[in-house]
Amino acid sequence: MSKKIIAVNGSPRKNGNTATLLNKVLEGAKSAGAEVEFIQLSELNYKGCMSCFACKVITGKHRCAWQDDLKPVLEKLEKADGVIFGSPIYFMRLDAIMTGCLERFLFPYYIYNAETPSVFPGKLKTAFIYTMNATEKFIAPVRDRLNPLEKFMKMIFGIEPEVLYSYNTWQYPDYNKYEHDIFNVEDKARQKKEQFPKDCEKAFELGKKMAQ
């Protein structure tokens with residue numbers, strides 16, 4: 001039976017850098033025989049965790065009880081063999097769209113029990129793709145703090161998530177129309193031409209690995 005690999009795009013852009021890399025992941029997974037699906041979170045109507053604690057009831061199912069557009073997505077993610085989450089980095093953290101999704105996805109499986117902190121049924125391969133305007137040198141001192149949820153992924157799903165960083169990405173279609181004094185456009189153009197294709201290759205290989 002073929003494996004199911006899902007890519008979840010937290011970027012509001014449907015065809016931006018994050019989406020491009022996620023689609024490359026799915027291409028790689030598909031080349032390895034996996035069934036793939038792309039989910040665009042910005043098209044869904046949902047909120048982050050509502051702190052209702054329905055998922056913490058002792059006799060409950062430990063699943064998010066909130067009924068909205070994200071509910072069927074969470075059910076798909078639980079049944080997948082691998083999930084890749086893609087998010088741009090805003091103000092040194094995941095964007096709000098992805099953060100809300102991950103709150104709803106992770107919190108129900110995390111229970112307040114020191115011996116058994118996770119009630120996820122099995123193990124799940126996960127990965128994160130981070131895209132950002134900042135250079136690798138600028139991000140290096142804080143890179144480990146961009147997403148504190150990585151450690152929860154390992155604890156809940158039993159497998160440490162893979163991570164792919166894409167730095168100094170090309171943001172505007174025409175830089176002449178927008179403020180960009182803090183950016184070197186020539187460096188960004190060079191990054192887009194030389195490095196981003198390499199990032200796409202890494203994403204393709206990540207997809208193949210996820211499908212194995």
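Just above, that's the structure.
Residues numbered from 1 in each chain as written. Predicted model: local features only at pLDDT ≥ 70, side-chain atom pairs only at ≥ 80, totals over all residues. Heavy atoms only, no water.

Undergrad: Which parts of the structure should I look at to understand the overall build of the chain?
TA: Each helix and strand counted, the chain has six helices and six strands in total. When its helices and strands are written in sequence order, the chain yields β-α-β-α-β-β-α-β-α-α-β-α. Taken over C-alpha atoms, the radius of gyration comes to 18 Å for the chain, in line with the 17 Å a tight globule of 212 residues would show. Its C-alpha atoms give the chain principal-axis dimensions of about 60 × 40 × 30 Å. The long-range fraction of contacts in the chain, counting pairs at least 24 apart against all pairs at least 6 apart in sequence, stands at 77%. By element, 52% of the accessible surface of the chain is carried by carbon and sulfur atoms, the whole surface being about 11,900 Å². (Helix = DSSP H or I, 4+ residues; strand = E, 2+ residues; numbered from the N terminus. Rg over C-alpha atoms; globule rule 2.2 N^0.38 Å. Contact = heavy atoms within 4.5 Å. Areas by Shrake-Rupley, 256 points an atom, 1.4 Å probe, with all protein chains shown as cover.)

Undergrad: Honestly, the side chain of serine 118 in this entry has me stumped. Any pointers?
TA: Residue placement: serine 118 occurs in the loop between α3 (96-106) and β5 (125-131). Excluding anything up to four places from it in sequence, serine 118 contacts Tyr109, Ile111, Met155 and Ile156.

Undergrad: What exactly am I supposed to notice about the environment of lysine 14 here?
TA: Structurally, lysine 14 is set in the loop between β1 (4-9) and α1 (17-31). Between the C-alpha atoms of lysine 14 and threonine 131, which are 117 residues apart in sequence, the distance is 14 Å. Beyond its immediate sequence surroundings of up to four residues, lysine 14 is in contact with Asn9, Ala19, Gln40 and Glu43. Only 3.0 Å separates the side chain of lysine 14 from the side chain of glutamate 43, close enough to count as a polar contact. (Polar contact = N/O pair within 3.5 Å; in protein donor to acceptor, adjacent residues only side chain to side chain.)

Undergrad: Please clarify how the pattern of salt bridges should be interpreted in this entry.
TA: Should their charged atoms come close, side chains of opposite charge can pair. Evaluation of the coordinates by the stated rule reveals eleven salt bridges. For glutamate 37, the salt bridge identified is with lysine 4, shortest N-O distance 3.1 Å. Here glutamate 37 is found in strand β2 (residues 35-40), whereas its partner lysine 4 is found in strand β1, with 33 residues between them in sequence. Salt-bridge contacts for glutamate 205 lead to lysine 208; the nearest nitrogen and oxygen are separated by 3.9 Å. Remark: lysine 208 and glutamate 205 occur in helix α6 (residues 185-211); sequence separation between them is three residues, near one turn of the helix. Its relative accessible area of 43% is what places glutamate 205 among the partly exposed residues. Through salt bridges with shared partners, a single ionic network connects Lys4, Glu35, Glu37 and Lys76. (Salt bridge = Lys/Arg side-chain N within 4 Å of Asp/Glu carboxyl O. Buried < 20%, exposed > 50% of the residue type's maximum accessible area, 1.4 Å probe, protein only.)

Undergrad: Whenever I open this one, the pairing of strand β3 (residues 82-90) confuses me. Can you help?
TA: On a regular strand, each side chain points to the face opposite its neighbour's, so the side chains alternate between the two faces of the sheet. Taking burial as the measure, the nine residues of β3 include eight buried ones, the bulk of the element. Note that β1 and β3 share five bridges and pair parallel. Bridged to valine 8 within β3 is phenylalanine 85. Here β3 runs beside β5; their pairing, made up of seven bridges, is parallel. Bridge assignment links glycine 86 to a residue of β5, and that residue is isoleucine 129. Across two bridges, the pairing between β3 and strand β4 (residues 93-94) is antiparallel. Residue pairing in the sheet places tyrosine 90 in a bridge with arginine 93 of β4. Between the antiparallel neighbours β3 and β4 lie two residues, among them phenylalanine 91 with a positive phi of about 50 degrees. (Pairing = 2+ DSSP bridges.)

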